[in-house]
Amino acid sequence: MISNMNSRERFLAALNRQEVDRPAVGNPTSVATVESMQATGAFFPDVHLDADKMAALASVGFDLLGFDTVSPYYSVQQEAAAFGCEMSWGEIDSMPDSLNPVFEEPDEVKIPEDFLDKPAVKTVLDSIKLLRKRHGDQCAIIGKVMGPWTLAYHLYGTQRFLMDTILEPDKVRAYLDVLKEVSILFANAQFACGADVVTLADHATGDLVGPNAYCDFLLPVHKVVTSRIDGPTILHICGNTLDRMGYISEAGFNNFHFESKVDPLAAKEAVKGRISLSGNLNNVQTLLNGTPEKVEEEVRKAMAAGIEIIGPECAVPLRVPNSNLKAIAEAVMKISQESR
Amino acid sequence: MSTLENIKEATIRGDRDSAVELSKQAITEDLKVDDIIQKGFIAAMGVVGDRFNKGEIFVPEMLIAARAMQAGLGIVKPYLSEDEKVTELATVVLGTVKGDLHDIGKNLVSMMLEGAGCVVVDLGNNVSPERFVDAVREHKPQFLGLSSLLTTTMPGMKLVLEKLEEAGLRQEVKVLVGGAPVTQEFAEGIGADGYAGNASVAVNKIKELLSVSE
């Protein structure tokens, strides 16, 4: 087993299923907590539109919590804000939300020429630059973009979009085709600013749609998206996803970030060694309401299954105690030592 | 197939236009409105719920079936005579918890509970614990349904239960919780009376809890 890897080296090796000194610890979504906000003075909701604060809060992941990563894009709404959706930016312990769709038809969608300068988008890009400057090559910077399916939810309306998968499938395809350009544009801009990897959050979850919906509508689009993004990518989908993980492993992503509903051994089996996996510690029962001992128990299970990047299943609830987040890396290191 | 069977089939496949036309036809055939509702729409949603539970269909199919049912009910309900009024199963207050704007699942529960004969008071989304308590005080429901789609907002469900306790109302109402990240374990942990993983299960759970309390 190799040694002396720094966090960035370890994370990138884990992402690419290469040899590591131990599994990486990371969250492709968000580890922001109220406790971390109090430690840095960088609070929700200010951080979503202030690059300095966004970067300061993200640094906590590496500086204090023992993660190999920093992840500055906390919510799922920066693009929706850039497209002019009315926003509720939330409170100290709640995530932002877009309040109204802005498009009725796919041919209404025009990506503004100054999209990358829109405040909500520019904040993410500037925070990535700040994080690269601050941390150098010591830790991995994980950017994030919304995929075209999720963008359609926010910009057209979730209920309508879901019904259209049956009633107007051509409209669904048209939305995915035009909105994928947003994901590609924003992801490439994040790599240009210094991101090491970009998470594509695209919520075609089994809690809403069947695996055929992913295969028929989204898989071909994801193949195009991953081929046009200039760097490694992680796909994140919440909820039940086991039935589509085989398809996901063919879409061109380097890694899939999955939730606690999916058993880690079954997840490993489903992707057949094609991609690495990250996850899948339970946010509420374990990280919010559990103890470091419960965290270790779940880490042990994920490591035994061979999950390459150990971390929470999704953006953590904002009141999660940092002690439970620190317990993740502590458990990974302890369990790695046991096998030596 | 009879008109009632055709209504049922049209609703199952989410054919709103046929559900509307067949509902009009059923009225002209002088069928009992209660029969149209029970044997047409409610029976259809039972089949739809069953298929959803088995993973044969997903939310889009549920949504278009519910849409067909609502359209059909809109045609037939005005023809209910006073003595033919569908027996009210229960009064249910529903809402998505504070900080959470997701409502598709809650809306499906609302539509299916109405179809099953409940009076539904839907508070919408982003509902504070205080508003839930006020609604329980005002409407005196048998059931309160809390929905949350985010692990970041689930903890708000426990707050609602605590506020009900503080207001002396906790024992007056059965609280059910649901939403994609919610589990049976979570429901028990916060002291809820029941957990429903989807809209169809919610209807069955309410019927189960009602029969236990009789």
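Residues numbered from 1 in each chain as written. Chains lettered and ligands numbered in written order. Predicted model: local features only at pLDDT ≥ 70, side-chain atom pairs only at ≥ 80, totals over all residues.

**Regarding the overall build of chain B**
Counted only if it meets this: Each helix corresponds to a stretch of at least 4 residues labelled H or I by DSSP, and each strand to a stretch of at least 2 residues labelled E; elements are numbered beginning at the N terminus. Our exposure labels follow a C-beta count within 10 Å of each residue's own C-beta, placed from the backbone: buried means 20 or more other C-beta atoms, exposed means 12 or fewer, and partly exposed covers the counts in between. Placing a C-beta atom from the backbone of each residue, one calls two residues in contact when those atoms lie within 7 Å.
Within chain B, the secondary structure is distributed over nine helices and five strands. Along the chain direction, N to C, the helices and strands of chain B fall in the order α-α-α-α-β-α-β-α-β-α-β-α-β-α. With 214 residues in all, chain B has 51% of them scored as buried. Looking at chain B alone, contacts between residues at least 24 apart form 75% of all its contacts between residues at least 6 apart.

**Section: the overall build of chain A**
Let me state the cut-off plainly: We take the radius of gyration over the C-alpha atoms and set the globule estimate at 2.2 Å times the residue count to the 0.38 power.
Within chain A, the secondary structure is distributed over 14 helices and 10 strands. A globule of 340 residues ought to have a C-alpha radius of gyration of about 20 Å, and chain A, at 19 Å, matches this closely. For the C-alpha atoms alone, the extent of chain A along its principal axes is close to 60 × 45 × 35 Å. Relative to all contacts within chain A whose residues are 6 or more apart in sequence, the contacts with residues 24 or more apart total 71%.

**Concerning unusual backbone geometry**
Geometrically, the link from F44(A) to P45(A) is a cis peptide bond, its omega value of -5° lying close to zero. When you line up the elements, P45(A) lands in the loop between α2 (34–40) and α3 (51–63). Residue N280(A) is reached from G279(A) by a cis peptide bond, and omega for that bond is -15°. Checked against the element boundaries, N280(A) lands in strand β9 (residues 276–281). You will see that K272(A), though not glycine, has its phi angle at about 50°, which is positive. Structurally, K272(A) is set in the loop between α11 (264–271) and β9. In this structure, D30(B) takes a positive phi of about 65° despite not being glycine. You can see D30(B) is positioned in the loop between α2 (16–28) and α3 (33–53).

**Focus: the sheet that holds β9(A)**
Counted only if it meets this: We treat two strands as partners when DSSP finds at least two bridges between them.
Ordered in space as β1-β10-β9-β8-β7-β6-β5-β2 (chain A), the eight strands form an open sheet in which the pairing is parallel. The strands lining the two open edges of the sheet, one partner per strand, are β1 (24–25) and β2 (69–70) of chain A.

**Some points on the sheet that holds strand β4 (residues 174–178) of chain B**
Residue and element names in this part refer to chain B. The condition that has to hold: Fitting a line to C-alpha atoms yields each axis, with helices limited to the stretch in contact; the angle taken between N-to-C directions then spans 0 to 180 degrees.
Read from one edge to the other, the open sheet built from five strands follows the order β2-β1-β3-β4-β5, with strand pairing classed as parallel. The sheet terminates laterally at β2 (119–122) and β5 (194–196), the two strands that pair on one side only. Pairwise comparison of adjacent strand axes, ignoring direction, gives a mean angle of 25° for this sheet. Where strand β3 (residues 143–147) meets β4, five bridges bridge the pair, whose relative direction is parallel.

**Considering the domain arrangement of chain B**
Residue and element names in this part refer to chain B. We apply this condition: The split into domains, and so the bounds of each, comes from an automatic or database assignment of domains.
As assigned here, chain B comprises domain 1 (3–84) and domain 2 (91–213). Each of domain 1 and domain 2 was reduced to a C-alpha centroid, and the two centroids are 25 Å apart. Each side of the interface is counted separately: domain 1 has 13 residues, and domain 2 has 11 residues. The biggest single contributor to the side of domain 1 that touches domain 2 is α3, with seven residues.

**Things to note about helix α8 (residues 169–193) of chain A**
All names here are of chain A. Heads up, the condition is: To estimate how far a helix should extend, the number of its residues minus one is multiplied by 1.5 Å. Fitting one axis to the seven residues ending at a residue and another to the seven starting there, the bend at that residue is the angle between the two axes.
With 25 residues, α8 should reach 36 Å at 1.5 Å per residue; the first-to-last C-alpha distance of 36 Å fits that figure. Its axis deflected by about 25° at V178, α8 carries its strongest bend there. Within the span of α8, buried status applies to V172, Y175, L176, L179, K180, V182, S183, I184, F186, A187, A189 and Q190. Looking one or two residues beyond α8, the residue adopting positive phi is G194, at roughly 120°.

**Thoughts on the interface of chain B and chain A**
Quick note on the threshold: Polar here means any residue outside two lists: the nonpolar Ala, Val, Leu, Ile, Met, Phe, Trp, Tyr, Cys and Pro, and the charged Asp, Glu, Lys and Arg; Gly therefore counts as polar.
Across the contact, 17 residues belong to chain B and 24 residues belong to chain A. For the side of chain B that touches chain A, the elements supplying multiple residues, two or more each, are α4 (59–76) and α8 (184–190) of chain B. In terms of residues, the side of chain B that touches chain A owes the most to one element, α4(B), which gives five residues. Across the side of chain B that touches chain A, the residue classes break down as 12 nonpolar, three polar and two charged.

**A short note on the packing of α8(A) against helix α9 (residues 211–228) of chain A**
All names here are of chain A. The condition that has to hold: Should an angle fall under 35 degrees it is taken as roughly parallel, and over 145 as roughly antiparallel, whereas 65 to 115 is taken as roughly perpendicular and any remaining angle as oblique. If you view the pair so one helix is near and one far, a crossing is left-handed when the near helix is turned anticlockwise from the far one by less than a right angle, and right-handed when it is turned clockwise.
Orientation of α8 relative to α9, taken along the N-to-C sense of each, is 25°, at an axis distance of 10 Å. As judged from the angle between their axes, α8 and α9 are roughly parallel. Crossing of α8 over α9 shows right-handed handedness. Between α8 and α9, the residues in contact are V172, R173, L176, K180, S183 and I184 and F217, L218, V221, V224, V225 and R228, respectively. When its residues are assigned to classes, the contact of α8 with α9 shows eight nonpolar, one polar and three charged.

**Some points on the nonpolar core**
We apply this condition: Nonpolar cores are built from buried Ala, Val, Leu, Ile, Met, Phe, Trp, Tyr and Cys residues. These are joined into a set through C-beta atoms within 7 Å.
Membership of the largest hydrophobic core comes to 181 residues, with the highest contact counts inside it found for A152(A), I328(A), M62(B), A65(B) and M112(B). If you tally residues by element for this core, the top one is α4(B), at 10 residues. Split by domain, this core shows at least three residues from each of two domains, domain 1 (3–84) and domain 2 (91–213) of chain B.

**Focus: the pairing of β2(B)**
When strand β1 (residues 91–96) of chain B meets β2(B), the two strands line up parallel, connected through four bridges. Note on β2(B): the bridge partner recorded for V93(B) is V121(B).

**With respect to α11(A)**
Count 3.6 residues to each turn of an α-helix, and residues three or four apart come out pointing the same way. All names here are of chain A. Put simply, the test is: Working definition: the arc comes from the directions between the helix axis and the C-beta atoms, pointing outward to the latter.
For α11, the set of buried residues is P264, A267 and A270. Down the axis of α11, the buried side of the element spans an arc of 120°, and every buried residue falls inside it. Tucked into the core, α11 has its buried residues touching α10 (245–248), β9 and α13 (292–305). Following α11 by one or two positions, K272 adopts a phi angle in the positive range, close to 50°.

**Examining the environment of L242(A)**
Residue and element names in this part refer to chain A. Summarising the element assignment, L242 is placed in the loop between β7 (233–236) and α10. Accessibility expressed as a C-beta count within 10 Å gives 17 for L242, which makes it partly exposed. A C-alpha to C-alpha distance of 29 Å links L242 and E9, two positions 233 residues apart in sequence. Setting aside residues up to four positions removed in sequence, L242 forms contacts with V262, A266, A267 and A270.

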